[in-house]
Amino acid sequence: MKSSQFFKTALFAVLFMSIFAFSTTAFAQHTLTVEVSNIKSDKGTIMIALFKGEAGFPKDDSKAVKKMKVTIKDKKATITFTDLEAGDYAFALFHDENGNSEMDSNMFGIPKEGYGFSTNFKPKVSAPDFDEADFKIEADTVQKVKIIN
C-alpha cells in the first residue's frame, strides 16, 4: 500500500512540474529594446508603433499592439517595450520634430521628417510590407535603427 501511495504522489509531482514548466515557457514575456540613431536633432520626439502581424502595418497605428513617444538625447533615443509574447513583430517610427504627432510629408507624399522601420529596412519606392520588416521575438531582443533623413 505504501508503494502505491508513493507512486501516486511522485506521479502527481512530475505532472505538476511538467505543467508549470510548459506554462512558463509557453507564456514567457519578453522585452524589445529599439536603439535609434542618426536623428537630425534633439528637438521633438520619436513616435513608434509596434505591430504583431501585418494588420495596420505600417500606417494604421490604431492596430499596433503598443505605441510610444520618447524623448531624444544627443541625437539618439532608446525605446523599451515589455511584456511581449513570442511571435513575429515589425515597427515603424518617425522623428516628430514639430510636435504635431503626425508624419509630415510634402505634396508628393515624400516624408519631411526622419523615419525608420524594424530590421533597418530602407524603402526604395514605398513603405515596406510587414514581411519585409518583420523579425521574431523569442527572447529579449535588441533592434538598432538608423533614421532615414
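Structure shown above.
Sequence order as written defines the numbering, with residues in each chain counted from 1. Predicted model: local features are reported for residues with pLDDT of at least 70 only, side-chain atom pairs are reported and counted for 80 or more only, and whole-chain, interface and lining totals are derived from all residues. Hydrogens and water molecules were not included; the side-chain quantities draw on all heavy atoms of the structure.

(A) Representation of the environment of Phe-57. Within the fold, Phe-57 resides in the loop between strand E2 (45-51) and strand E3 (66-71). Categorising residues by exposure relies on relative accessible area from a 1.4 Å probe, with only protein chains included: less than 20% of the type maximum marks a residue as buried, more than 50% marks it as exposed, and the intermediate range marks it as partly exposed. The exposure class of Phe-57 is buried, given its relative accessible area of 10%. Considered as a pair, Phe-57 and Phe-91 are 34 residues apart in the sequence and their alpha carbons are 7.6 Å apart. When neighbours within four sequence positions are excluded, Phe-57 is seen to be in contact with Phe-51, Ala-90, Phe-91, Ala-92, Phe-117, Pro-128, Asp-129, Phe-130 and Ala-133. Numbering of helices and strands runs from the N terminus, with a helix taken as a DSSP run of H or I at least four residues long and a strand as a DSSP run of E at least two residues long. Contacts were defined at the residue level, with two residues in contact if any of their heavy atoms lie within 4.5 Å.

(B) Fine view of the pattern of salt bridges. Just to be clear on terms, a salt bridge is a Lys or Arg side-chain nitrogen sitting within 4 Å of an Asp or Glu carboxyl oxygen. Summed over the entire model, instances satisfying the criterion amount to five salt bridges. With a shortest N-O distance of 3.2 Å, Lys-52 and Glu-85 are connected by a salt bridge. Within this pair, whereas Lys-52 is found in the loop between E2 and E3, its partner Glu-85 is found in the loop between strand E4 (77-84) and strand E5 (87-96), the two being separated by 33 residues in sequence. The exposure class of Lys-52 is partly exposed, given its relative accessible area of 36%. The class of Glu-85 is partly exposed, set by a relative accessible area of 47%. The closest approach of N and O atoms between Asp-60 and Lys-63, which form a salt bridge, is 3.9 Å.

(C) Spotlight on the pairing of E5. By the criterion of burial, E5 is predominantly enclosed, with eight of the ten residues buried. Pairing geometry for E2 and E5, over seven bridges, is antiparallel. Its bridge partner lying in E5, Thr-45 is registered against Asp-96. The criterion for strand pairing is that DSSP finds at least two bridges linking the strands in question. As defined by bridge partners, E5 adjoins strand E7 (residues 135-137) across three bridges and the pair is classed as antiparallel. By the bridge assignment, Gly-87 is partnered in E7 with Ile-137. Judged from the three bridges that link them, E5 and strand E6 (residues 115-117) form a sheet pairing that is antiparallel. Bridge pairing in E6 places Phe-94 opposite Tyr-115.

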